[in-house]
Amino acid sequence: MDLLKELESLVPELERGLGQASSLSELEELRVAFLGRKGRLARIMSSLPGLAPAERPAVGQKANEIKTALTELFDARKESLDAAREARALARFDPSLPGRAPWRGSLHPTTLVMEEICDIFRELGYDVASGPEVENDHYNFEALNMPPEHPARDMQDTLYITENVLMRTHTSPVQVRTMLSRKPPLAVVAPGKVYRRDSDLTHTPMFHQIEGLLVGHDVSMADLRGTLTAFLRGVFGGETRVRFRPSFFPFTEPSAEVDISCCICGGAGHVNGEPCRVCKTTGWVEILGCGMVDPAVFEAVGYDPEEFTGFAFGLGVERVAMLKYGIGDLRMFFENDVRFLAQFG
Ligand code: PHE
């Protein structure tokens, strides 16, 4: 009965091995060698069919006993190794060390600037309104005096969902919706995402806009100038100079483009003798578009253009953030690099 002896010898052998094993990985090696699918015990068991039928029960029973004994030896050794490891870890643990605060996220610069701008307008008495990003042609173009085939549509060509449904190209449709659901006098700003076919170094197919609208009696271009000057000085600092240049938008008449004195070089055109890269030495940077609401827009929403006048303006939020924080690359806003984003906490 060599097999029985062989089985019995496994126990002292394992005991010796375990005594020398000092890590969980050595323990695992031993377990595979003794109890694994191709281990010592399994090999002995595989010779069982070769035995005379009368001998098999005794060997089988012994093998089971040995298996239990080996397993118990392993479990005991594992427990003591675990306990030793825990004790070592506890010995290293210093409860007097200061805790490590969990990492905290921060608001995206686009969000920060958007909130700052909305806050300024709230102080000026404006409401903040929002609307759908997927719009009807009517609200995005037609009600804004851009009928089908109007050439101004080209500048804002966008992503169409169906022939009449598209990703909004500006937040002006929110102004249309606001005028339809309310009566003047009213003052709103509409922040949000907008979509255009543009994609290059300084344009992305999605960006953020804030547009504003004020409608009432006897609203004049002087009100527009005063409001925008106060707003721009609020964002870029009290020293900021503001200038208006004639321009064209289908939904405003007259229309203007607004520049501010460059906030990087202070309007000087140079920084430390070097040409200013942001304003390209002109001392001015374009910041927004604006104008007096075109009577055709009032007619489209059922306001009497003889009774009401108003102004509107629109600007890109990323552009404001780039100028305000001196960010040189528009792509930074969309890459989600924490090293960039964490600087705005
Ligand atoms: N809707 C214009 C745009 O997206 C911006 C604008 C709004 C211009 C209001 C004038 C008045 O280009």
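Residues numbered from 1 in each chain as written. Predicted model: local features only at pLDDT ≥ 70, side-chain atom pairs only at ≥ 80, totals over all residues. Heavy atoms only, no water.

A. Looking closely at the overall build of the chain. Per the secondary structure count, the chain includes 13 helices and 11 strands. Computed over C-alpha atoms, the radius of gyration of the chain comes to 38 Å, more than 25% over the 20 Å expected from 2.2 N^0.38 for 345 residues, which places it beyond the range of a compact globule. Taking the principal axes of the C-alpha coordinates as reference, the chain spans close to 115 × 55 × 35 Å. For the chain, the proportion of its 345 residues judged to be buried stands at 42%. A separation threshold of at least 6 residues defines the contact pool for the chain, and within that pool the share at least 24 residues apart is 68%. (Helix = DSSP H or I, 4+ residues; strand = E, 2+ residues; numbered from the N terminus. Rg over C-alpha atoms; globule rule 2.2 N^0.38 Å. Buried < 20%, exposed > 50% of the residue type's maximum accessible area, 1.4 Å probe, protein only. Contact = heavy atoms within 4.5 Å.)

B. Quick peek at the environment of Thr204. Examined against the element boundaries, Thr204 turns out to sit in the loop between β4 (186–195) and β5 (206–216). Relative accessible area serves as the criterion here: at 14%, Thr204 is assigned to the buried category. A distance of 2.8 Å separates a polar atom in the side chain of Thr204 from the backbone oxygen of Met206. (Polar contact = N/O pair within 3.5 Å; in protein donor to acceptor, adjacent residues only side chain to side chain.)

C. Region of interest: the pattern of salt bridges. Inspection of the entire model under this criterion finds 15 salt bridges. For the salt bridge of Glu286 with Arg245, the shortest nitrogen-to-oxygen distance reads 3.7 Å. Placement of the pair is Glu286 in strand β10 (residues 284–293) and Arg245 in strand β6 (residues 242–249), with a sequence separation of 41 residues. We classify Arg245 as partly exposed; its relative accessible area is 30%. Between Arg339 and Asp337 there is a salt bridge, and its shortest N-O distance comes to 2.7 Å. Given the relative accessible area of 26%, Asp337 is considered partly exposed. Bridged by salt links that share partners, the residues Arg243, Arg245, Asp259 and Glu286 form one connected network. (Salt bridge = Lys/Arg side-chain N within 4 Å of Asp/Glu carboxyl O.)

D. Highlighting the packing of aromatic side chains. One pass over the full model with this rule turns up 10 aromatic pairs. Ring centres of Phe121 and Phe313 lie 5.2 Å apart, and the angle between their planes is 25°; this geometry places the pair in the stacked category. Of this pair, Phe121 sits in helix α5 (residues 109–123) while Phe313 is found in strand β11 (residues 309–316), placing the two residues 192 residues apart along the sequence. Neither Phe121 nor Phe313 differs from the other in exposure class; each is buried. Ring centres 6.4 Å apart and planes at 35° place the aromatic pair Phe311 and Phe313 in the tilted group. Of the two residues, Phe311 and Phe313, both sit in the buried class. Feature note: the residues Phe121, Tyr126, Phe231, Phe311 and Phe313 constitute an aromatic cluster, connected by ring pairs. The ring centre of Tyr139 lies 4.2 Å from the NZ or CZ of Arg177, which sits over that ring. Looking at Arg241, its charged tip hangs above the ring of Trp284, at a distance of 5.6 Å from the centre. (Phe/Tyr/Trp six-rings, centres within 6.5 Å; stacked < 30°, edge-to-face > 60°. Lys NZ or Arg CZ within 6 Å of the ring centre and 35° of its normal.)

E. Examining the site of the ligand more closely. In the region of the ligand, 14 residues are neighbours, and His170, Ser172, Arg196, Gln209 and Glu211 sit closest. Side-chain polar atom of Ser172 to a nitrogen atom of the ligand: 3.2 Å apart, as the coordinates give it. Here the ligand loses 93% of its free accessible area of 330 Å² to cover by the protein chains. Elements that contribute at least two residues to the shell around the ligand include exactly β5, β10 and β11. When residues of the shell around the ligand are assigned to their parent elements, the largest contribution, 3 residues, is made by β11. Of the residues in the shell around the ligand, the class split is 5 nonpolar, 7 polar and 2 charged. (Near = heavy atom within 4 Å. Areas by Shrake-Rupley, 256 points an atom, 1.4 Å probe, with all protein chains shown as cover. Nonpolar A, V, L, I, M, F, W, Y, C, P; charged D, E, K, R; others polar.)

F. Seen up close, the pairing of β4. Most of β4 sits out of view: 9 of its 10 residues are buried. Of the pairings in the sheet, the one linking strand β1 (residues 127–128) to β4 comprises 2 bridges and is parallel in character. Considered in β4, the bridge of Val128 is made with Val189. Sheet analysis places β4 next to β5, joined by 10 bridges and oriented antiparallel. Looking at β5, one finds that Leu186 is bridged to Val215. (Pairing = 2+ DSSP bridges.)

G. Up close: the packing of helix α2 (residues 24–35) against helix α4 (residues 56–92). Packing of α2 against α4 leaves a shortest axis separation of 11 Å and a crossing angle of 175°. Classified by the interaxial angle, the pair formed by α2 and α4 is roughly antiparallel. Across the interface between the two elements, Leu24, Leu27, Leu30, Arg31, Phe34 and Leu35 of α2 pack against Lys67, Leu70, Thr71, Phe74, Arg77, Lys78, Leu81, Asp82 and Arg85 of α4. When the residues that make up the contact of α2 with α4 are grouped by side-chain class, the tally is 8 nonpolar, 1 polar and 6 charged. (Axes fitted to C-alpha atoms, helices over the stretch in contact; angles between N-to-C directions. Parallel < 35°, antiparallel > 145°, perpendicular 65-115°, else oblique.)

H. Looking closely at the domain arrangement of the chain. Its domain assignment divides the chain into domain 1 (2–92) and domain 2 (109–344). The distance between the C-alpha centroids of domain 1 and domain 2 comes to 77 Å. (Domains from an automatic or database assignment.)

I. Geometry of the sheet that holds β5. Sheet architecture is open: 7 strands sit in the order β1-β4-β5-β11-β10-β7-β6, paired in mixed fashion. Looking at which strands have only one partner, the edges of the open sheet turn out to be β1 and β6. On top of the sheet, helix α8 (residues 172–181) reaches β4, β5 and β11; it is set at about 35° to β5, its chief contact. Packing of helix α11 (residues 317–325) onto the sheet brings it into contact with β5, β10 and β11, and relative to β11 it is tilted by some 60°.

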